[in-house]
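# Observations on chain architecture
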Amino acid sequence: MTRNPLGLRIASTTLAGVMTIYMAGCSKVEEPARAPAAETTIGTEIDDSLLTTRVKAALLDNIDIKSFDLKVETRKGEVLLSGFVDNQAQIDQALTIARSVPGVVTVNNGVNLKGAATTIGTKIDDAVITAQVKAALMADDSVKSADIAAVTRDGVVQLSGFVNNQPQIDHALALAGGIKGVVRINNEMSVKH
C-alpha cells in the first residue's frame, strides 16, 4: 500500500471533516408530512457524519485509490460506497479500507468501473447531464433530493443514497431516465431501515 505524505493526509482529512460538517448542516430541508421513516436521532446523524468522515479520510490516506471519484454515504453505521474507478483492485481495496474503519456495521458496494478514457467534450456533456438530473430531482416535491447523489460517466448516470421508500427510488429513476443524453442509469439507492 502506497501512503500519502503526512501533510497531504492532514489537509485531506481536515477538508473531508469540514465538508461533512458543512453538508450535514446545510442538508436539512423542511418537508411536508409523510409516512414515518425509520427513526434516527440527532446523535445517530452525528455519528453517521463522523463515520463518513473517517471512511473518507481512510480512503484519502491510500494513494492507490482515486478517492475523489468515490462518494461515501452512511446511515446507522451502514456505509454506501458509490462512484466510478479505474479497476477492480481499487474497488476491492476501497471496500477493505471502509470495512476496517471502527464503527462501520456494513459496507454496500455501489462502485462501478469507468471503462474507456473520456474526452473533454464527454466530460462536459456528463457534467451537463448530472446538473439536469439534479435539477429534475430538486424540482420534484415527491423525491427527497437531498438524500440522492448523482454522478455521470459516459452518459451513464449513477444515483445513490438512502431514501424513505421504493416509490421514491422508482420516481427518481424515471426522472433521471427522462433527461436527454442519459444512456443508462445505475441504481445504487437503498431504502432507509
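In what follows, the structure referred to is the one given above.
Residues numbered from 1 in each chain as written. Predicted model: local features only at pLDDT ≥ 70, side-chain atom pairs only at ≥ 80, totals over all residues. Heavy atoms only, no water.

### A word on the sheet that holds strand 2 (residues 78-85)
Put simply, the test is: A pair of strands is considered paired only if DSSP assigns at least 2 bridges between the two. Put simply, DSSP marks the helices as runs of H or I at least four residues long and the strands as runs of E at least two long, and each gets a number from the N terminus on. Orientation is described by axes fitted as lines to C-alpha atoms, over the contacting stretch for helices, and by angles from 0 to 180 degrees between their N-to-C directions. Residue contacts are counted whenever heavy atoms from the two residues lie within 4.5 Å of one another.
Here we have 3 strands laid out as an open sheet, ordered 1-2-3, and mixed in their pairing. Every interior strand has two partners, whereas the edge strands, strand 1 (70-75) and strand 3 (106-113), have only one. Adjacent strand axes in the sheet meet at a mean angle of 10 degrees, parallel and antiparallel pairs treated alike. Running over the sheet, helix 3 (residues 88-100) touches strand 1, strand 2 and strand 3 and is turned about 160 degrees from strand 3.

### So, the pairing of strand 5 (residues 156-163)
This is how the line gets drawn: Residue burial is assigned from relative accessible area. The probe radius is 1.4 Å, only protein chains are included, and a residue is buried under 20% of its type maximum, exposed over 50%, and partly exposed in between. Looking down the strands as they point away from you, a crossover is right-handed if its path from the first strand over the helix to the second goes clockwise.
Counting buried positions along strand 5 gives 8 out of 8 residues, so the element sits mostly inside the fold. Neither face of strand 5 is left uncovered, since the one carrying Val156, Gln158, Ser160 and Phe162 and the one carrying Val157, Leu159, Gly161 and Val163 both have all their residues buried. Both strand 4 (residues 148-153) and strand 5 contribute to a ladder of 6 bridges, which runs antiparallel. Bridge pairing in strand 5 links isoleucine 148 to glycine 161. Looking at chain direction, strand 5 and strand 6 (residues 184-191) are connected through 8 bridges and run parallel. Bridge pairing links leucine 159 to asparagine 187 in strand 6. Assessed by its sense of winding, the connection that carries the chain from strand 5 through helix 5 (residues 166-177) to strand 6 is right-handed.

That is the geometry; function is a separate question.
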